[in-house]
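Residue-level structure breakdown
Read off the chains here:
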Amino acid sequence: MCCLKSWPYWILIVVICATWVLPEIPYYQDWMPYGYELGGIALVVMYLSFGCWSLGLYGFVMGGLSWRSDSLKSRLAFKVGLAALFLAIGLVLCYLKLMHLTLSV
Amino acid sequence: MFFTQSGSRPQPISETHNPIFLCRKHLVQVMIFCMAVTVLAKWGTALPGWRDVIASENGPVERMSAAIWLMGFTWCLAAALAQRTRAVEWLTVAMVLLLFGLRELDAHRWSTGWNLDKLANYWNPQFPLHERLLVIGLMVLPCLIVGGVLCLRLRKTIGQAWFADESWLRHLMVGVAILVLCVTLDKVGPYVLPLLAFGDFGQVFLMEIEEFLELVLAVFTIASLWPYLQKAFNGDG
């Protein structure tokens, strides 16, 4: 369980998202629409959501691991994790809206 | 055996706490991790060659680098909220990571349609004045302020860290060295290669090394920040 506290696991989540998940998401194109078409911003938002997914999972796992030993630490980790997961969902919805707007113009 | 002076008696310290050893260990771990994920990306995607995986624009390695920089940005923002006593430091580091991530995604080219990196473009009448002023007001000035704050904060601690031989300073120096190497390969390489008569192969090879080093830099930055991020999320300090 202690190994879950090291960085490779949490970076690996982001790596998997960027390599395999990103090309599969709706509206994704290899070459994003640039300029004022919001496509580039949508892509940045999607990348930010990957960081939030990994932070959210980290918060939940660390909160769970320190549940018995330290309730204060555990509560902080859960709080960070929950906020990050909500933010990740919001960012994905934002990406979809931005891409929808871009392609409907 | 390494010693540190504590009071009058020298105290032996273990190899794992030696800054040089720690920095080297992190760099080796990061290199192995980056090689592993690059091989995994080649194996797991249907891309035909290494060039498509490593050196292509918007290829897996470039996407990974950008995602890791932006991951660092979100984690540092969360650390600023979790560790209020170090909020300024975390916010400035987050801004730096965001800039690196956006640069990796070529935001300096697509955000306005003209290259924000080229200084000459700022007084080029070909581009609308309001755009140039907006970029200066919303990007250049905030970046200068953030850079200034970061430099001020670093200046206070860098001298102490140098004499105390602290680990973060070694990590910072290695990071800067990798960054300088990347910039040199990117800017100087194309001019040197024709002189060495390496041709197209040399160009691609150089691009592959540069993109890979950019990935190493992104991962190394997160690995260096990791103990401090953990401290912040544990509610220490």
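Residues numbered from 1 in each chain as written. Chains lettered and ligands numbered in written order. Predicted model: local features only at pLDDT ≥ 70, side-chain atom pairs only at ≥ 80, totals over all residues. Heavy atoms only, no water.

Describing the overall build of chain A
- The helix and strand inventory of chain A stands at three helices and zero strands.
- Taking all 105 residues of chain A together, 44% fall into the buried category.
- Partitioning the intrachain contacts of chain A with sequence separation of at least 6 by distance along the chain shows that 73% fall at a separation of at least 24.
- On chain A, roughly 5,600 Å² of surface is accessible, and the fraction owed to carbon and sulfur atoms is 72%. (Helix = DSSP H or I, 4+ residues; strand = E, 2+ residues; numbered from the N terminus. Buried < 20%, exposed > 50% of the residue type's maximum accessible area, 1.4 Å probe, protein only. Contact = heavy atoms within 4.5 Å. Areas by Shrake-Rupley, 256 points an atom, 1.4 Å probe, with all protein chains shown as cover.)

Considering the interface of chain A and chain B
- Taken together, the contact pairs 35 residues of chain A with 37 residues of chain B.
- Counting every contact that joins chain A to chain B gives zero salt bridges.
- For the pair chain A and chain B, the number of links is nine residue pairs in polar contact (both at pLDDT 80 or more).
- If you tally residues by element for the side of chain A that touches chain B, the top one is helix H2 (residues 39-65) of chain A, at eleven residues.
- When grouped by side-chain class, the residues that make up the side of chain A that touches chain B number 25 nonpolar, seven polar and three charged. (Salt bridge = Lys/Arg side-chain N within 4 Å of Asp/Glu carboxyl O. Polar contact = N/O pair within 3.5 Å; in protein donor to acceptor, adjacent residues only side chain to side chain. Nonpolar A, V, L, I, M, F, W, Y, C, P; charged D, E, K, R; others polar.)

Things to note about unusual backbone geometry
- Phi is positive for Tyr 27 of chain A, which is not a glycine, with a value near 70°.
- Its place among the elements puts Tyr 27 of chain A in the loop between helix H1 (7-21) and H2.

Points about the packing of aromatic side chains
- This structure, assessed with the given rule, holds twelve aromatic pairs over all chains.
- A centroid spacing of 6.0 Å and a plane angle of 75° characterise the contact between Tyr 47 of chain A and Phe 50 of chain A, whose relative ring orientation is edge-to-face. One end of the pair is Tyr 47 of chain A and the other is Phe 50 of chain A, both in helix H2 and three residues apart, which spans about a single turn. There is no split in this pair, since Tyr 47 of chain A and Phe 50 of chain A are both buried.
- Seen from their ring centres, Tyr 58 of chain A and Trp 75 of chain B are 5.0 Å apart, and the 50° between their planes marks the pair as tilted. Placement of the pair is Tyr 58 of chain A in helix H2 and Trp 75 of chain B in helix H3 (residues 60-82), with the two residues belonging to separate chains.
- Relative accessible area serves as the criterion here: at 1%, Trp 75 of chain B is assigned to the buried category.
- Taken together through their ring pairs, the aromatic side chains of Trp 10 and Tyr 58 of chain A together with Trp 75, Trp 226 and Phe 233 of chain B make up a single cluster. (Phe/Tyr/Trp six-rings, centres within 6.5 Å; stacked < 30°, edge-to-face > 60°.)

Topic: H3 of chain B
- The terminal C-alpha atoms of H3 of chain B lie 32 Å apart, and with 23 residues this matches the ideal 33 Å at 1.5 Å per residue to within 8%.
- In terms of burial, H3 of chain B is largely enclosed, as 20 of its 23 residues are buried. (Expected span 1.5 Å × (residues − 1).)

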